[in-house]
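Survey of secondary and tertiary structure
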Amino acid sequence: IESEDERKKNKKSPVASISLSSKLKDKYLTLIFKDDGRALQIDKIREKAIALNKWPKEEIIKWDEKRIAELIFVSGISTSEKISLVAGRGVGMGVIKQKLEEMNGKIELDYEAGRFCEFRITIPV
């Protein structure tokens, strides 16, 4: 979520919005989390991936935006500027994905730069 000044500059409400909704279909529950923030910072994620040194830089540079976005689920990738109790260590999203897969669930990502970020978590019920 951007600062109030950044939101005003981008013609958004100064107060951010986060929504949570759910759907039940065919014995699966889907939880949808969506915010109206700046979305994923693809350039920052790419930089972190290069710094992580897990893949060749030449390979990372060729990856499309969708492939870069999926890196948020890789251990060691975080765009947080500061390490805190809840952010910055690059483990959270990877653990969430792993736990969901262990439950035969999944997490899907959708976003639009500067507009929103949405996570869809689907689990069997």
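Basis of the calculations
Residues numbered from 1 in each chain as written. Predicted model: local features only at pLDDT ≥ 70, side-chain atom pairs only at ≥ 80, totals over all residues. Heavy atoms only, no water. Salt bridge = Lys/Arg side-chain N within 4 Å of Asp/Glu carboxyl O. Helix = DSSP H or I, 4+ residues; strand = E, 2+ residues; numbered from the N terminus. Buried < 20%, exposed > 50% of the residue type's maximum accessible area, 1.4 Å probe, protein only. Patch = residues over 30% accessible without salt bridge, like charges linked within 9 Å, V, L, I, M, F, W, Y side chains within 5 Å. Areas by Shrake-Rupley, 256 points an atom, 1.4 Å probe, with all protein chains shown as cover. Lys, Arg positive; Asp, Glu negative; His and termini not counted. Charge placed at Lys NZ, Arg CZ, Asp CG, Glu CD. Phe/Tyr/Trp six-rings, centres within 6.5 Å; stacked < 30°, edge-to-face > 60°. Lys NZ or Arg CZ within 6 Å of the ring centre and 35° of its normal. Pairing = 2+ DSSP bridges. Axes fitted to C-alpha atoms, helices over the stretch in contact; angles between N-to-C directions.

1. A short note on the pattern of salt bridges
Taken as a whole and assessed by the stated rule, the structure comprises eight salt bridges. A salt bridge links lysine 99 to glutamate 102; the shortest N-O distance between them is 3.8 Å. Placement of the pair is lysine 99 and glutamate 102 together in helix 5 (residues 92-102), with a separation of three residues, close to one helical turn. Residue classification places lysine 99 among the partly exposed positions, given a relative accessible area of 45%. For glutamate 108, the salt bridge identified is with lysine 106, shortest N-O distance 3.8 Å. Among the charged side chains, a salt-bridge network with shared partners connects Glu2, Arg7, Lys12 and Asp36.

2. Description of a negative patch on the surface
Among the surface-exposed residues, Asp43, Glu47, Asp64 and Glu65 lie close enough to one another that they form a single negatively charged patch. Position of glutamate 47 among the secondary structure elements: in helix 2 (residues 42-52).

3. Concerning the packing of aromatic side chains
In the structure shown here, the tally under the stated rule is one aromatic pair. Between the aromatic rings of tryptophan 55 and tryptophan 63, the centroid separation amounts to 5.4 Å while the plane-to-plane angle is 75°, which identifies the pairing as edge-to-face. For the cation-ring pair, lysine 34 lies above phenylalanine 116, with the distance from its terminal atom to the ring centre recorded as 4.4 Å. Taking the ring centre of tryptophan 63 as reference, the NZ or CZ of arginine 67 above it sits at 4.1 Å.

4. A short note on unusual backbone geometry
Leave glycine aside and you will find that most residues have negative phi; peptide bonds, for their part, are mostly trans. A positive phi angle, near 60°, is found at lysine 11, a position not held by glycine. When you line up the elements, lysine 11 lands in the loop between helix 1 (4-9) and strand 1 (18-25). Here lysine 11 falls in the exposed class, since its relative accessible area comes to 77%. Backbone geometry places asparagine 104, a non-glycine residue, at a positive phi of 60°.

5. Some thoughts on the sheet that holds strand 1
Ordered by their spatial adjacency, four strands build an open sheet running 1-2-4-3, and the pairing between neighbours is antiparallel. Every interior strand has two partners, whereas the edge strands, strand 1 and strand 3 (106-112), have only one. The average undirected angle you get between the axes of adjacent strands in this sheet is 15°. Where strand 1 and strand 2 (residues 28-35) come together, eight bridges link them in antiparallel fashion. Counterpart to serine 22 in the pairing with strand 2 is leucine 31.

6. Some points on the pairing of strand 1
The buried fraction of strand 1 amounts to zero of the eight residues, a small share that puts the element mostly on the outside. Taken together, strand 1 and the strand that follows it, strand 2, pair antiparallel across an intervening segment of two residues, in which aspartate 26 is found at a positive phi of about 50°.

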